[in-house]
Amino acid sequence: MRDLARYFACFLAFALTAGELVTVPGAREPDGHSRRGKDGSFKSSAASSRTQTPQVQGFQERELETDYWLEQAQQTLAQKLATPHNTDHAKNVIFFIGDGMSSQTVAATRMYLGNEANFLSFENFKDLGSVRTYCVNRQVSDSSCTATAYLSGVKINYGMVNIAASVDRYACEYDRNASDFEGLLKWAQDAGKSTGIVTTTKITHATPAGAYASSANRYWENDVEVASSDCDPSRVDDIAEQLVDKEVAQRFNVVL
């Protein structure tokens, strides 16, 4: 093996000092695809591919021109600058949560619809923003810690719902008065607003549970799950129980 390594090292040094370009058979050209001709030589298809019309739904011929993109940028900028600032106060709020809907998912949706140059309906809103989703103890988040952050403004540990990060996951006993907290729907109720939850998943799932429950484990949706973690169901309220007994949930006008 050492002799073989020396051979390749000497070969590479020779090629470099001789100023020659070593081409690996079958390798791609820098700007195209290599194809073996009938005579055994390799030919690039880059030139031919550049002359083909892009196969993209909704493609416009003007997209091949530099001025098209510069004009698009100027039009977008002018439109944004001409949009007046909204200084009104919202009377009511509908909070949509697309669970797991990252920027990559939105981009994939545009591709699925045929052209990433298009905009989804909400991308045309006058005001847009972005958030950083992570848990206190994990970089990659889950539904429970992010739902808590969205609905209460507090970041917590992975796998937990509306409990301070000072509490460990699966904790059966802790100071609930010091660690549990309320969020957006409780604040709305205190302001005299009607509140409710509409979801396409289980109402005890981590995302909707963030609106009303506090749990040291997002999967404690019933007594069986609580007991499976060696906790006493008579002392630990599961998420379904809180949906029935907790004040904020009892004041919901809609649960669907």
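Anything mentioned here points back to the structure above.
The structure reproduced in this document is the subject of the present report. Residue numbers run consecutively from 1 along every chain, following the written order of its sequence. With the structure being a predicted model, the display of local features is reserved for residues of pLDDT at least 70 and the display and counting of side-chain atom pairs for 80 or more, all residues being used for whole-chain, interface and lining totals. For the side-chain quantities, the full set of heavy atoms in the structure was used; hydrogens and water were omitted.

Take a nonpolar patch on the surface next. A residue counts toward a patch only above 30% relative accessible area and without a salt bridge, and it is joined to like-charged neighbours within 9 Å or, for Val, Leu, Ile, Met, Phe, Trp and Tyr, to nonpolar neighbours within 5 Å. Using a 1.4 Å probe, the Shrake-Rupley method yields the accessible areas, and only the shown protein chains count as cover for residues. A pairing counts as a salt bridge when a side-chain nitrogen of Lys or Arg comes within 4 Å of a carboxyl oxygen of Asp or Glu. Among the surface-exposed residues, Val93, Phe95, Ile97, Val131, Tyr150, Leu184 and Trp187 lie close enough to one another that they form a single nonpolar patch of about 650 Å² accessible area. Secondary-structure assignment places Phe95 in the loop between helix H3 (66-82) and helix H4 (103-112). Each residue's exposure class comes from its accessible area (1.4 Å probe, protein chains only) as a fraction of the maximum for that residue type: buried when under 20%, exposed when over 50%, partly exposed otherwise. Among the residues examined, Phe95 registers a relative accessible area of 40% and is labelled partly exposed. Only DSSP runs of H or I reaching four residues or more are called helices, and only runs of E reaching two or more are called strands; each is numbered from the N terminus.

Moving on, we come to the pattern of salt bridges. Under the counting rule described, the total for this entry stands at 10 salt bridges. A salt bridge links Arg62 to Glu65, with the shortest nitrogen-to-oxygen separation between them at 3.4 Å. Taking relative accessible area as the criterion, Arg62 reaches 33% and is therefore assigned partly exposed. The salt bridge partner of Glu123 is Arg110, with a shortest N-O separation of 2.5 Å. Placement of Glu123 in the loop between H4 and helix H5 (143-152) and of Arg110 in helix H4 is noted, with a sequence separation of 13 residues between them. Taken as a pair, Glu123 and Arg110 share a single burial class, namely buried. What you see here is one network of salt bridges that share partners, running through Lys186, Asp190, Glu247 and Arg251.

What follows deals with the state of the cysteines. Here, a disulfide means two cysteine sulfur atoms that sit within 2.5 Å of each other. For the coordinates displayed, the defined rule picks out 2 disulfides. For Cys135, the disulfide goes to Cys145, at an S-S distance of 2.1 Å. With the S-S dihedral at roughly -65°, the linkage between Cys135 and Cys145 falls on the left-handed side. Here Cys135 is found in the loop between H4 and H5, whereas its partner Cys145 is found in helix H5, with 10 residues between them in sequence. What makes Cys145 buried here is its relative accessible area of 1%. With its sulfur 1.8 Å from that of its partner, Cys172 forms a disulfide with Cys231. Between Cys172 and Cys231, the S-S torsion sits near -75°, and that sign places the bridge as left-handed. Of this pair, Cys172 sits in the loop between H5 and helix H6 (176-179) while Cys231 sits in the loop between helix H9 (223-228) and helix H10 (239-245); the two residues are 59 residues apart in sequence, bridging distant segments of the chain. Classification of Cys231 as buried rests on a relative accessible area of 6%. The connectivity of the disulfide bonds within the protein chain can be written as 1-2, 3-4, using the sequence rank of each bonded cysteine.

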